[in-house]
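Breakdown of the fold
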Amino acid sequence: MLALLAGCGGQREERTAPDVPPLRGTAAGRFVGVAVRADVLGDAGYATAVGRLFDAVTPENELKWALVHPKPNRYAFAAADRIVDFARARGMRVRGHTLVWHDQTPPWLGDPRLTRARLIAVLRRHIFTVMRHFRGRISEWDVVNEAVADDGGPRRTFWLERIGPSYIALAFRFAHEADPSARLVYNDYGAEGPGLKSDAVYALVSALKRQGVPIDAVGFQTHVSTAPVEGFASNLRRFTRLGLDVELTEVDVRVPDGAEAAARQALAYRRIVGACLAVARCRGIVFWGLDDADSWVPHAYPGYGRAALLDADLRVKPAYTAVRQVLMGG
Ligand code: XIL
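Residues numbered from 1 in each chain as written. Predicted model: local features only at pLDDT ≥ 70, side-chain atom pairs only at ≥ 80, totals over all residues. Heavy atoms only, no water.

A few words now on the pattern of salt bridges. All chains considered together, the criterion is met by 24 salt bridges. In this structure, R113 and D111 form a salt bridge, with 2.7 Å as the shortest nitrogen-oxygen distance. By relative accessible area, R113 is classed as exposed at 64%. The partly exposed category is assigned to D111, whose relative accessible area is 22%. (Salt bridge = Lys/Arg side-chain N within 4 Å of Asp/Glu carboxyl O. Buried < 20%, exposed > 50% of the residue type's maximum accessible area, 1.4 Å probe, protein only.)

Turning next to the pairing of strand β7 (residues 183-188). Each regular strand shows side chains that alternate between the opposite faces of the sheet. Taking burial as the measure, the 6 residues of β7 include 6 buried ones, the bulk of the element. In β7, alternate side chains face the same way, and those of R183, V185 and N187 on one face and L184, Y186 and D188 on the other are all buried. Of the strand pairs in this sheet, strand β6 (residues 140-145) and β7 are connected by 5 bridges, and their pairing is parallel. Each residue of the ladder has a partner; that of V144, found in β7, is Y186. (Helix = DSSP H or I, 4+ residues; strand = E, 2+ residues; numbered from the N terminus. Pairing = 2+ DSSP bridges.)

All right, on to unusual backbone geometry then. Note that the residue after H97, namely T98, is joined by a cis bond; omega there is 5 degrees. Here T98 shows up in strand β5 (residues 93-100). Positioned with a positive phi, A28 is a non-glycine residue whose angle comes to about 35 degrees. Of note, the phi angle at E146 is positive, near 60 degrees, even though the residue is not glycine. Here E146 is to be found in the loop between β6 and α5 (158-163). Exposure remark for E146: the relative accessible area of 9% places this residue in the buried category.

In terms of nonpolar packing, the biggest core is built from 102 residues, with W141, V144, W159, F172, Y186, L248 and F287 touching the most fellow members. Here W141 is in contact with L63, G96, H97, L99, V130, M131, F134, A182, R183, L184 and V185, once residues within four sequence places are set aside. (Core = buried A, V, L, I, M, F, W, Y, C linked by side-chain atoms within 4.5 Å. Contact = heavy atoms within 4.5 Å.)

Relative to the helices and strands, L327 is located in helix α11 (residues 318-327). The spatial distance from the C-alpha of L327 to the C-alpha of G274 is 7.8 Å, given a sequence separation of 53 residues. The contacts of L327, once residues within four sequence positions are left out, are L23, T26, A27, V32, V273 and L277.

What follows concerns the confidence of the model for the chain. Looking at the chain, pLDDT values average 96 and 96% of them are 70 or higher. pLDDT under 50 marks residues 1-9. Its contacts with residues more than four places away, or in other chains, come to 17 contacts. (pLDDT = per-residue confidence, 0-100.)

Right, let's get into the packing of helix α9 (residues 262-277) against α11. With their axes 8 Å apart at the nearest point, α9 and α11 run at an angle of 25 degrees to one another. Taken as axis vectors, α9 and α11 run roughly parallel relative to one another. Here the hand of the crossing between α9 and α11 comes out right-handed. Residues A262, Q265, A266, Y269, R270, V273, G274 and L277 of α9 touch α11, and the partners they reach there are P318, A319, A322, V323, Q325, V326 and L327. Here the residues of the contact of α9 with α11 sort into 11 nonpolar, 3 polar and 1 charged. (Axes fitted to C-alpha atoms, helices over the stretch in contact; angles between N-to-C directions. Parallel < 35°, antiparallel > 145°, perpendicular 65-115°, else oblique. Left-handed = near helix turned anticlockwise from the far one by under 90°. Nonpolar A, V, L, I, M, F, W, Y, C, P; charged D, E, K, R; others polar.)

For the rest of this paragraph, the subject is helix α8 (residues 232-240). Within α8, 7 of the 9 residues are buried, which leaves it mostly tucked inside the rest of the structure. Those residues of α8 that fall on the buried side of the exposure criterion are F232, A233, N235, L236, R238, F239 and T240. Buried residues belonging to α8 abut α7 (196-210), β8 (217-220), β10 (245-253) and α9.

For the rest of this paragraph, the subject is the state of the cysteines. In this structure the tally under the stated criterion is 1 disulfide. With a sulfur-sulfur separation of 2.1 Å, C276 is cross-linked through a disulfide to C282. Because the sign of the S-S torsion sets the handedness, a value of about -105 degrees for the bond joining C276 and C282 places this disulfide among the left-handed ones. Assigned by exposure class, C276 and C282 land together as buried. (Disulfide = S-S within 2.5 Å.)

Surrounding the ligand, one finds 13 residues, the nearest of these being E60, K64, H97, N145 and E250. At a separation of 2.6 Å, an oxygen atom of the ligand approaches a polar side-chain atom of H97. At 3.2 Å from a nitrogen atom of the ligand is found a side-chain nitrogen or oxygen belonging to E146. Its free accessible area being 420 Å², the ligand has 82% of it covered by the protein chains. Among the residues forming the shell around the ligand, the class breakdown is 3 nonpolar, 6 polar and 4 charged. (Near = heavy atom within 4 Å. Polar contact = N/O pair within 3.5 Å; in protein donor to acceptor, adjacent residues only side chain to side chain. Areas by Shrake-Rupley, 256 points an atom, 1.4 Å probe, with all protein chains shown as cover.)

Below, the discussion takes up the packing of aromatic side chains. Scanning all chains against the criterion turns up 11 aromatic pairs. Ring geometry for W65 against W159: centres 5.6 Å apart, planes inclined by 55 degrees, an arrangement best described as tilted. Linking W65 in helix α2 (residues 65-68) with W159 in helix α5, this pair joins segments that are 94 residues apart in sequence. Given the relative accessible area of 2%, W65 is considered buried. Under the relative-accessibility criterion, W159 is labelled buried at 1%. (Phe/Tyr/Trp six-rings, centres within 6.5 Å; stacked < 30°, edge-to-face > 60°.)

Encoded structure:
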C-alpha cells in the first residue's frame, strides 16, 4: 500500500520513522530540538520521528508575521497551535520564532500610512497578542531575528527605517511585559565564529545588557557548509561572559549536490555539537528541519542540499549517529 502525500517537494510516498536511539535526553540538561512544519505533521513517519528523537521543537514558519498575522485585525494561530499542541502532548519544549524579522512579513505592514508611533503600537500589540496566546506553552522566543547586516552594520530593514534603532530594545521590553516568564533571545546567522558579524552582534547584545533590556540569550543559527567554524566554542564563551546564555537555533550542514559527502558532513555536525557542549551556558541545539525532503536548504542554496540528519526517506545518516555519539560524551 503506497499512500501519496503532498510534501514540500511535491508528491511522495508515505514514510516510516527510523528505529534508532533518540537524541532527546542525551545532552545532560540541554535541549535537542528540530524545526517542524505544520503541513508535514500529518505524515505519520515524520511526526513519529520528531516526537521520538527530540525534546524540543521550533515551528519553522508558522509564527512569522505573514503566517500568524496576515491582516491587521486577523491572527491565524491554527498551524502554530497544531505544532505546539503536538509538542506539549509529548513533553517537548517549544521555541517561538520569531517576533521581529524583516522577512516573511504581510504586505499590510508596509502600508506607508503607518506612522512611526502607529507602527510601534502595532508591534506592541502583535507581541502581546502572539505571546499571550501561547503563554505557558512557549517558553522562549526569538524576539529579534537578523538585525545585523553581513558587513557588521545595522541591517537596513523597514523596522530600522520606520522606527529607528530603538526597535530592538522596544521589542524585548514589550516581550518581557507580555510574558515575564519567557526566555528572550536575540537570533542571527553568521556570528558563529569570530569576525566582523560576530563582533557586531556582540556589540549589539552588550549594549542591550548595559541598558538593562531584558534579554536572556543569543541564538546562533548555524546554517553552514562542511568547512569547520574556527573558534566556535571560544566565541560562544565570550557571549556568555556578558551574562547571557547561548543556543544553536537552526543547525544544518549543506553539501554540494552529487558529491560523496556523508563523512565530511558527519564530522562538521560533530564539531558543531561539540562546540555547544564545550560551553556550560550553551543551553541547547535545534536542527533546522528533520530530513532532506523537508529542508529549506535546496531552495535557499541552489546546488546544495542533503543538509539534515535524516535523508528524504527518514533514514538516519552518518551525521545523526555522529551527533548522538558526541551528545553521549563520545
Ligand atoms: C526559512 C524556512 O526554513 C523556510 O521554509 C522559509 O521559506 C524561509 O525561512 N533564518 C531564519 C529562519 O531565521 O526563519 C529561516 O527559515 C532560515 C534562515
